[in-house]
Amino acid sequence: TELRRTAEELDEEAEPVFTRPKFAAKNRKLSAAESGTAHHKFLQHFALEKTGGLAAEAERLVRENYLSADERAVLDLDALAAFWDSDLGEKIRVNAEKVRRELPFTARFSPAEIAEITGGKTDTTLADEFVVVQGVADLVVLLPQEIWLVDFKTDDVRADELPEKIEIYKPQL
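Residues numbered from 1 in each chain as written. Predicted model: local features only at pLDDT ≥ 70, side-chain atom pairs only at ≥ 80, totals over all residues. Heavy atoms only, no water.

Some details on the packing of helix 5 (residues 77–85) against helix 6 (residues 87–94)
Viewed as axis vectors pointing N to C, helix 5 and helix 6 meet at an angle of 70°, and their least axial separation amounts to 4 Å. Here helix 5 lies roughly perpendicular to helix 6, going by the angle between them. Between helix 5, through Phe 83, Trp 84 and Asp 85, and helix 6, the contact on the second element is made entirely by Asp 87, Leu 88, Gly 89, Glu 90, Ile 92 and Arg 93. Residues belonging to the contact of helix 5 with helix 6 are distributed by class as follows: four nonpolar, one polar and four charged. (Axes fitted to C-alpha atoms, helices over the stretch in contact; angles between N-to-C directions. Helix = DSSP H or I, 4+ residues; strand = E, 2+ residues; numbered from the N terminus. Parallel < 35°, antiparallel > 145°, perpendicular 65-115°, else oblique. Contact = heavy atoms within 4.5 Å. Nonpolar A, V, L, I, M, F, W, Y, C, P; charged D, E, K, R; others polar.)

Thoughts on the nonpolar core
Most often, soluble globular proteins keep nonpolar side chains buried together rather than apart. In terms of nonpolar packing, the biggest core is built from 22 residues, with Phe 42, Phe 46, Leu 75, Trp 84, Ile 92 and Leu 139 touching the most fellow members. Among the elements of the structure, helix 2 (32–45), helix 3 (54–63), helix 5 and strand 2 (131–142) are those that each provide at least two residues to this core. (Core = buried A, V, L, I, M, F, W, Y, C linked by side-chain atoms within 4.5 Å. Buried < 20%, exposed > 50% of the residue type's maximum accessible area, 1.4 Å probe, protein only.)

Comments concerning the packing of aromatic side chains
This model, assessed by the stated rule, comprises four aromatic pairs. Here the aromatic rings of Phe 83 and Trp 84 are separated by 4.8 Å at their centres, their planes lie at 80°, and the arrangement is edge-to-face. Classification of Trp 84 as buried rests on a relative accessible area of 0%. In this structure Phe 83 comes out as partly exposed when scored by relative accessible area, which is 22%. Site record: aromatic cluster; members linked through ring pairs are Phe 42, Phe 46, Phe 83, Trp 84 and Phe 152. (Phe/Tyr/Trp six-rings, centres within 6.5 Å; stacked < 30°, edge-to-face > 60°.)

A look at unusual backbone geometry
Keep in mind that most residues, glycine aside, have a negative phi and that most peptide bonds are trans. Phi at Asn 65 takes a positive value of approximately 65°, unusual for a residue other than glycine. As for its placement among the helices and strands, Asn 65 is situated in the loop between helix 3 and helix 4 (69–74). A positive phi angle is found at Glu 102, which is not glycine, with a value near 50°. Structurally, the position occupied by Glu 102 is in strand 1 (residues 99–109). Residue Glu 102 is classed as partly exposed on the basis of its relative accessible area of 23%.

Remarks on the pairing of strand 3 (residues 147–150)
Sheet analysis places strand 2 next to strand 3, joined by four bridges and oriented antiparallel. Residue pairing for strand 3: Leu 139 is matched across the bridge by Val 150. Following strand 2, the chain reverses through four residues before pairing antiparallel with strand 3. (Pairing = 2+ DSSP bridges.)

What about the environment of Ala 107?
The topology assignment puts Ala 107 in strand 1. With a relative accessible area of 21%, Ala 107 lands in the partly exposed category. On a C-alpha basis, the gap between Ala 107 and Gly 135 in space is 8.8 Å, while along the polypeptide they are 28 residues apart. Ala 107 has contacts with Val 131, Val 132 and Val 133, leaving out every residue within four places of it along the chain.

Next up, the structure:
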């Protein structure tokens, strides 16, 4: 996330478009950021085998204190169901035993690699140094020959805004 923010700051021409997510309009008690957090909590804790009953899963998560009632109220269960019914959602569910959610990671990058990611300039005096990047991946599927990285976004994006959003989030991924 910090790399994405840095890249945005370095790109003088970038004008990120941040809009209030559709699901936030259902309950004005929570901010857009809080609504996004609610969706991430749900995605972290719901049972993958329960994608056919997301409302019941949301209620279970409230009972078990993973979500508050206000967080439950802002969940866009239709959008969540559409994701889990998609080709990618199905592939993830088929590989459920290989899924890791909220997986902490640490990666090592050279300053040149960071500059390439963010679009910044390479400091040649730091060529022998390295940068440690730590974060948490929303969802990872660890397969024998590949790794799938899924980063959930809750922004409300129109089709014509999608290319810009992809550029904004590309450094983060």
